[in-house]
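Each chain, letter by letter, is given below.
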Amino acid sequence: PAASRLPRLPRVLALANQKGGVGKTTTAINLGTALAAIGEEVLIVDLDPQGNASTGLGIDRRSRQVSTYDLLIGEARLAEVVKETAVPRLSVAPSTLDLLGVELEIAAQSDRAFRLRRAIADHMARAESIRGRNYTYVLVDCPPSLNLLTINALSAAHSILVPLQCEFFALEGLSQLLQTVEQVRRALNPELSIHGIVLTMFDGRNNLSSEVVAEVRANMGDAVYDTIIPRNVRISEAPSHGKPVLLYDFKSTGSQAYLRLASEIIQREKRLRAA
Ligand code: ADP
Ligand code: MG
């Protein structure tokens with residue numbers, strides 16, 4: 001199936017990095033919340049079978065009868081999957097462990113890489129005609145792997161946002177990820193761009209963190225956002241309360257950093273769209 005042009009709205013950003021524990025889910029939840037707080041209409045699509053983004057946004061497992069699994073196998077439309085959250089203007093398409101089986105189920109289908117892209121496009125086409133939600137941002141939380149789920153995210157996305165943890169070996173694996181982006185661009189989605197790299201879990205008391213920042217900036221230049229997300233215990237506590245850190249502790253350094261990241265992303269979007 002040929003890749004038709006992506007609609008201009010919503011802006012679809014895939015949060016991807018095949019390393020686990022680098023801050024993809026935390027960034028999806030809290031960047032999504034910050035964008036919604038600024039007035040954007042945001043949908044988070046949980047494409048990780050672990051469902052941490054869904055849990056962290058307070059969607060309990062019992063209320064996930066319809067999930068992104070049903071969306072990808074073509075048994076449900078986006079509007080049937082989406083749940084509201086406690087944050088105004090922020091919705092989530094939750095996931096369940098069923099997603100683990102999706103890859104096998106759709107492997108033989110020729111449109112297997114475009115399932116998410118089509119679900120979003122269908123939704124937007126309907127949202128215009130009925131009273132559906134017109135999202136301005138869709139953030140896709142990817143699993144820690146370059147599998148078919150991540151490929152679905154990358155072929156649905158205008159751009160990729162890469163969280164990198166401020167730790168030794170931060171850059172390791174990045175070239176493989178960038179190669180995948182290049183392959184997806186050539187074969188599936190010519191519009192895919194790199195939105196930016198966000199450094200996460202920065203620890204100011206640790207020299208290593210600053211060295212990593214310098215190294216990543218030296219290698220990746222302007223691709224790295226000015227905003228750095230600090231290591232902040234409030235960020236790690238919030239999910240167990242089913243809340244984004246902005247609802248759990250608005251004044252925390254973590255909340256304030258995600259608000260800055262949101263405005264930086266909106267600025268970058270304006271420049272990308274003007275170009
Ligand atoms: P990923 O989705 O890439 O696997 P997560 O977002 O789940 O990574 O983050 C991994 C762990 O690190 C989680 O327990 C999360 O709460 C914690 N964490 C993420 N970002 C921060 C931060 N800035 N400060 C403190 N803990 C964080
Ligand atoms: Mg995750």
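Worth saying up front: this structure is predicted, and the values here are computed from it rather than measured. (Residues numbered from 1 in each chain as written. Chains lettered and ligands numbered in written order. Predicted model: local features only at pLDDT ≥ 70, side-chain atom pairs only at ≥ 80, totals over all residues.)

Draft legend 1. Structural detail: the packing of helix α1 (residues 24–37) against helix α12 (residues 253–274). Interaxial distance between α1 and α12 falls to 8 Å at its minimum, and their mutual angle equals 65 degrees. Taken as axis vectors, α1 and α12 run roughly perpendicular relative to one another. α12 is crossed by α1, and the crossing has right-handed handedness. Residues Asn30, Leu31, Ala34 and Leu35 of α1 form the contact with α12, whose participating residues are Tyr258, Leu259, Leu261 and Ala262. Grouping the constituent residues of the contact of α1 with α12 by class yields 7 nonpolar, 1 polar and no charged. (Axes fitted to C-alpha atoms, helices over the stretch in contact; angles between N-to-C directions. Helix = DSSP H or I, 4+ residues; strand = E, 2+ residues; numbered from the N terminus. Parallel < 35°, antiparallel > 145°, perpendicular 65-115°, else oblique. Left-handed = near helix turned anticlockwise from the far one by under 90°. Contact = placed C-beta atoms within 7 Å. Nonpolar A, V, L, I, M, F, W, Y, C, P; charged D, E, K, R; others polar.)

Draft legend 2. Up close: the site of ligand 1. Contacts to ligand 1 come from 18 residues, most closely from Lys24, Thr25, Thr26, Ile235 and Ser236. Broken down by element, the residue count for the shell around ligand 1 peaks at 3 residues, all from α1. A breakdown of the residues in the shell around ligand 1 according to their chemical character gives 6 nonpolar, 10 polar and 2 charged. (Near = placed C-beta within 6 Å.)

Draft legend 3. Quick peek at the pairing of strand β4 (residues 90–93). Here β4 shows a buried face lined by Leu90 and Val92 and a second buried face lined by Ser91 and Ala93. Examined bridge by bridge, strand β2 (residues 42–46) and β4 share 4 bridges and lie parallel to one another. Residue pairing across strands places Ile44 opposite Val92, the latter belonging to β4. For strand β3 (residues 83–84) and β4, the ladder comprises 2 bridges, and the chain directions are antiparallel. Pairing of Lys83 across the sheet is with Val92, part of β4. Linking β3 back to β4 in an antiparallel pair, the connection comprises 5 residues, with Arg89 at a positive phi of about 70 degrees. (Buried ≥ 20, exposed ≤ 12 C-beta atoms within 10 Å, placed from the backbone. Pairing = 2+ DSSP bridges.)

Draft legend 4. Quick peek at the nonpolar core. Judged by nonpolar contacts, the single largest core of 76 residues is most densely connected at Ala14, Leu139, Val140, Ala153, Leu154 and Ala157. The leading source of residues in this core is α1, at 7 residues. Setting aside its immediate chain neighbours within four residues, Ala14 contacts Val140, Cys142, Ala153, Leu154, Ala157 and Ile160. (Core = buried A, V, L, I, M, F, W, Y, C linked by C-beta atoms within 7 Å.)

Draft legend 5. Geometry of the sheet that holds β4. Read from one edge to the other, the open sheet built from 7 strands follows the order β3-β4-β2-β5-β1-β6-β7, with strand pairing classed as mixed. Taken across any chain shown, the strands that pair with only one partner, and hence form the sheet edges, are β3 and β7 (193–200). In terms of strand pairing, β2 meets strand β5 (residues 137–141) through 5 bridges, oriented parallel. Note on β5: the bridge partner recorded for Val45 is Val140. Together, β1 (11–15), β2, β4, β5, β6 (159–165) and β7 form the strand contacts of α1, whose direction differs from that of β5 by roughly 165 degrees.

Draft legend 6. Expanded view of the environment of Arg217. Considering the arrangement of structural elements, one finds Arg217 in helix α9 (residues 207–220). For Arg217, a count of 14 C-beta atoms within 10 Å gives the class partly exposed. Sequence-wise, Arg217 and Leu148 are 69 residues apart; in three dimensions their C-alpha atoms are separated by 30 Å.

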